[in-house]
Amino acid sequence: MTAPVPTPASPLASRPAVETDVLVIGSGAGGLSAAVTAAYHGLRVVVVEKAEVCGGATAWSGGWAWTPGNPLAKADGVDEDPEQFRTYLRHRLGDRYDAARIDAFLEAVPHMVGFFEDKTALQFTPGAKIRDIYGKTPGAGTGHRSVGPAPINARRLSRRVRKLLRGQLYETSFLGMGIMAGPDLTTFLSASQGSVKGLAYAAWRVGRHVLDLAVHRRGMQLVNGTALVGRLLQSAEDLGVDVRVSTPAVRLTTDPSGRVAGAVVGGPEGGYEIKAARGVVLAAGGFPNDVERRRALFPKTPTGREHWTLAPKETSGDGITLGESVGAHFVADVESPAAWCPVSLIPYRSGRVGTFPHIMDRAKPGSIGVRRDGRRFVNEANGYYDYVSALVAATPEGEAAESWQIADSRFVRKYPLGMSKPLPVPLFPYLRSGYLKRGRTLEELAAACGIDPAGLRETVERFNEGARVGADPEFERGETEFNRYGGDPKVGPNPSLAPIEKGPFYAVKVVPGSFGTFAGLAADGRARVLRADGTAIDGLYVAGNDQASVMGGFYPAGGINLGPALTFGYVAGRDMAGAGRYEDDGSLPAAHARA
């Protein structure tokens, strides 16, 4: 193969070149993981970020990462044979099971968790009760295969880190206050059901948040993705990583042999070159905001604009375009081009439209999703990926992919329905804006939403008949541990099912969205970027959503974006450093090890 011609000097390069060992383009989980790992091994690292703040889509995520075999699980006495993980993935991925990359991921995952837990400011909490989505599949896990970032008060972060950190996504917060899945969320929801403990807890959390807003002009208790990014940024600062925001990568540079040698970047004071002696990592967040790629690859998106992503606007495919410019192979042949999530659109008085992810409400008992014909199309309590996949498949060509999440008056006062909150939060703001639809009868609700009234009435009556005895013959909702965990344990005989029968009735319109993209640059088990012929591009690595999904475009478990992002970032950092033995040496995290 002919070596690429060296990149000529850029007219933007008006400042002296910066010399470093590693250049990371992007500051989400994958990029910061690579940066921290490389810096721990003594390399000089520069991170450039296009936005004014760091974190990308990671900062707006739930923060949970799928990490099978992690040491926190072992510390809790759960030591699974890795063949169980392979069995599960083989059944879920089918022909898209890439044994070499899966093995690389499974080997590195436990050490990645152990490294960050033992050596950095990133501390984890175990996902002891988080189940794999497809509980009937051989090898499926019933807990301990995930970790999330331990919550942290922002006062423990440096002032610079707090300034660099992207804030909590407003739509997934309560008045800007993040709520963590698990005990935090459960206790909050219990307040709407009259729990004295829940009411006291909610009052304490909200009161502290209001005080933080008054004193610091921001929420200080960080959870979910903001905690993950905050801890990674603090780890990077502790290790001397140079983080530069408002600094987009313009193009990659190569040396006479064709090796990627750095990049030309823009900046507040003009463009300049950064030379990277050990390598460049592409981790710019995939292409969820690239309208043209969406149009070409996303189903039921004829113009590219019939899709609503939960990723920040800066995730416009820069990393992928940079990789392609030096011969990288873009893998579009995946099961799904994106990590689907059903979303609803919130109209604000300012004219802004917010995007709310329907993660939790679908699984609560007493709500179903229907299309305009009034028919259900999916097991609503399965994963968010399944909901959108089924909606797209059920939508005839030429028709908009949209559904309505339906519930009754009891549901909306006990649980969230989209952005609307349960008691004691009033419903009228959501009704006034048109976000929430209401009808005294199912037929009246159907008319307000444009749903076939006869189809909706028939569907609800059939669903109610099964729900009263804890069964869903049509979609088997509530038959897996994942479904039941997402329900309400106080509801029986099935925590995922309850009849929809007490008017007035409510609905929220749901449309296709995504957390990020699965199509991306080809990579090997060392996170090196590959050409179409399978050869590696010297000096170029990829992590996060810029990398083609190791799961082949499937979504077998929650956290399969962040788990591989953190892991392959870690792998890339070690590879550039030439690291030998794993940093954790196979030991359990001291904070979690049993006596």
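It should be noted that the structure appears before, not after, this text.
Procedures and definitions
Residues numbered from 1 in each chain as written. Predicted model: local features only at pLDDT ≥ 70, side-chain atom pairs only at ≥ 80, totals over all residues. Heavy atoms only, no water. Helix = DSSP H or I, 4+ residues; strand = E, 2+ residues; numbered from the N terminus. Rg over C-alpha atoms; globule rule 2.2 N^0.38 Å. Areas by Shrake-Rupley, 256 points an atom, 1.4 Å probe, with all protein chains shown as cover. Salt bridge = Lys/Arg side-chain N within 4 Å of Asp/Glu carboxyl O. Buried < 20%, exposed > 50% of the residue type's maximum accessible area, 1.4 Å probe, protein only. Core = buried A, V, L, I, M, F, W, Y, C linked by side-chain atoms within 4.5 Å. Pairing = 2+ DSSP bridges. Contact = heavy atoms within 4.5 Å. Axes fitted to C-alpha atoms, helices over the stretch in contact; angles between N-to-C directions. Parallel < 35°, antiparallel > 145°, perpendicular 65-115°, else oblique. Left-handed = near helix turned anticlockwise from the far one by under 90°. Expected span 1.5 Å × (residues − 1). Nonpolar A, V, L, I, M, F, W, Y, C, P; charged D, E, K, R; others polar. Polar contact = N/O pair within 3.5 Å; in protein donor to acceptor, adjacent residues only side chain to side chain.

Participant: Residues and numbers for the overall build of the protein chain, please.
Facilitator: Of the regular secondary structure elements, the protein chain holds 17 helices and 24 strands. Relative to its length of 595 residues, the protein chain is compact, with a C-alpha radius of gyration of 24 Å against a globular reference of 25 Å. Structurally, the protein chain occupies a C-alpha span of about 70 × 60 × 50 Å along its principal axes. Summed over all atoms, the accessible surface of the protein chain reaches about 23000 Å², with 53% contributed by carbon and sulfur.

Participant: I'd love a proper account of the pattern of salt bridges, names of residues and values included.
Facilitator: Inspection of the entire model under this criterion finds 40 salt bridges. Between Arg44 and Asp21 there is a salt bridge, and its shortest N-O distance comes to 3.1 Å. Highlighted residues: Arg44 in the loop between α1 (29-40) and β2 (45-48) and Asp21 in strand β1 (residues 18-25), separated in sequence by 23 residues. According to the relative accessible area criterion, Arg44 is partly exposed, its value standing at 44%. Relative accessible area serves as the criterion here: at 12%, Asp21 is assigned to the buried category. Asp132 serves as the salt-bridge partner of Arg145, at 2.7 Å between the closest nitrogen and oxygen. Here the residue Arg145 occupies a position in the loop between β4 (124-126) and β5 (146-149), and Asp132 occupies one in the loop between β4 and β5, the gap between them amounting to 13 residues. Of the two residues examined, Arg145 and Asp132, each falls in the buried class. Among the charged side chains, a network of salt bridges with common partners joins Arg375, Arg376, Glu380, Glu458, Arg462, Asp472, Glu474 and Arg477.

Participant: Go over the nonpolar core with me, naming the residues and quoting the values.
Facilitator: If you look at the biggest cluster of nonpolar residues, it comprises 120 residues, and the most contacted ones within it are Leu23, Ile25, Val45, Leu252, Val281, Leu540 and Met551. Trp404, Leu445, Ile451 and Val460 belong to the second-largest nonpolar core, a separate cluster that totals 17 residues.

Participant: How would you summarise the sheet that holds β4 if you had to cite specific residues and measurements?
Facilitator: Overall, antiparallel pairing links the three strands, which are arranged β3-β5-β4 in an open sheet. Two strands close off the open sheet at either side, each with one partner strand: β3 (65-66) and β4. Looking at chain direction, β4 and β5 are connected through three bridges and run antiparallel. Its bridge partner lying in β5, Phe124 is registered against Pro149.

Participant: Summarise the side chain of Thr67; cite the residues concerned and give the values.
Facilitator: Structurally, Thr67 can be placed in the loop between β3 and α2 (71-75). Apart from residues no more than four positions distant in its own chain, Thr67 is found in contact with Val109, Met112, Val113, Arg145, Ser146 and Val147.

Participant: Give a detailed account of the packing of α1 against helix α17 (residues 562-577), specifying residues and quantitative values.
Facilitator: Interaxial distance between α1 and α17 falls to 7 Å at its minimum, and their mutual angle equals 30°. The angle between α1 and α17 places the two elements in the roughly parallel class. You can see that α1 and α17 cross each other, and the crossing is right-handed. Contact residues: α1 offers Ala29, Gly30, Ser33, Ala34, Thr37 and Ala38, while α17 offers Leu562, Ala565, Leu566, Gly569, Tyr570, Gly573 and Arg574.

Participant: Quick rundown of α17? Include the residues and the values.
Facilitator: Residue pairs three or four apart in sequence face the same way in an α-helix, which turns once every 3.6 residues. Here α17 spans 22 Å end to end across 16 residues, near enough to the 22 Å set by a 1.5 Å rise per residue. Counting buried residues along α17, 15 of its 16 residues qualify, which places the element largely inside the surrounding structure. Positive phi shows up at Gly578, right after α17, with a value of about 65°.

Participant: Outline the pairing of strand β11 (residues 249-254), supporting the account with residue identities and numerical values.
Facilitator: Pairing of β11 with strand β12 (residues 260-265), which is carried by five bridges, proceeds in the antiparallel orientation. The partner of Arg251 across the bridge, within β12, is Val264. A loop of five residues connects β11 with β12, the two strands running antiparallel in sequence, and Gly258 in this loop sits at a positive phi of about 95°.

Participant: Any details on the environment of Thr67? Residues and values, ideally.
Facilitator: A residue is classified by how much of its surface remains accessible, and Thr67, at 0% relative accessible area, is buried. As a C-alpha pair, Thr67 and Gly56 span eleven residues in sequence and 21 Å in three-dimensional space.

Participant: Please set out the packing of helix α14 (residues 442-449) against helix α15 (residues 453-467) residue by residue, giving values where relevant.
Facilitator: α15 packs onto α14 with a crossing angle of 130° between their chain directions and a minimal axis gap of 9 Å. Classified by the angle their axes make, α14 and α15 are oblique. The chirality of how α14 crosses α15 is right-handed. Contacts from Leu442, Glu443 and Ala446 of α14 reach α15 at Pro453, Leu456, Arg457 and Val460. Considered class by class, the residues forming the contact of α14 with α15 number five nonpolar, no polar and two charged.

Participant: Please provide a residue-by-residue account of the environment of Ile359, values included.
Facilitator: Considering the arrangement of structural elements, one finds Ile359 in the loop between β17 (353-357) and β18 (367-370). Put simply, Ile359 and Gly62 are 297 residues apart on the chain and 9.8 Å apart in space, counted from C-alpha to C-alpha. When near neighbours in sequence (up to four residues on either side) are disregarded, Ile359 contacts Cys341, Tyr384 and Phe515.

Participant: For the side chain of Gln405, give the residues involved together with the corresponding values.
Facilitator: Examined against the element boundaries, Gln405 turns out to sit in strand β19 (residues 403-408). A polar atom in the side chain of Gln405 sits 3.0 Å from the side chain of Ser367. Side chain to side chain, Gln405 and Tyr387 meet in a polar contact 3.1 Å long. For Gln405, the residues in contact, after removing those within four places along its chain, are Arg362, Ser367, Ile368, Gly369, Glu380, Tyr387, Leu417, Tyr506, Ala507, Val508 and Val510.

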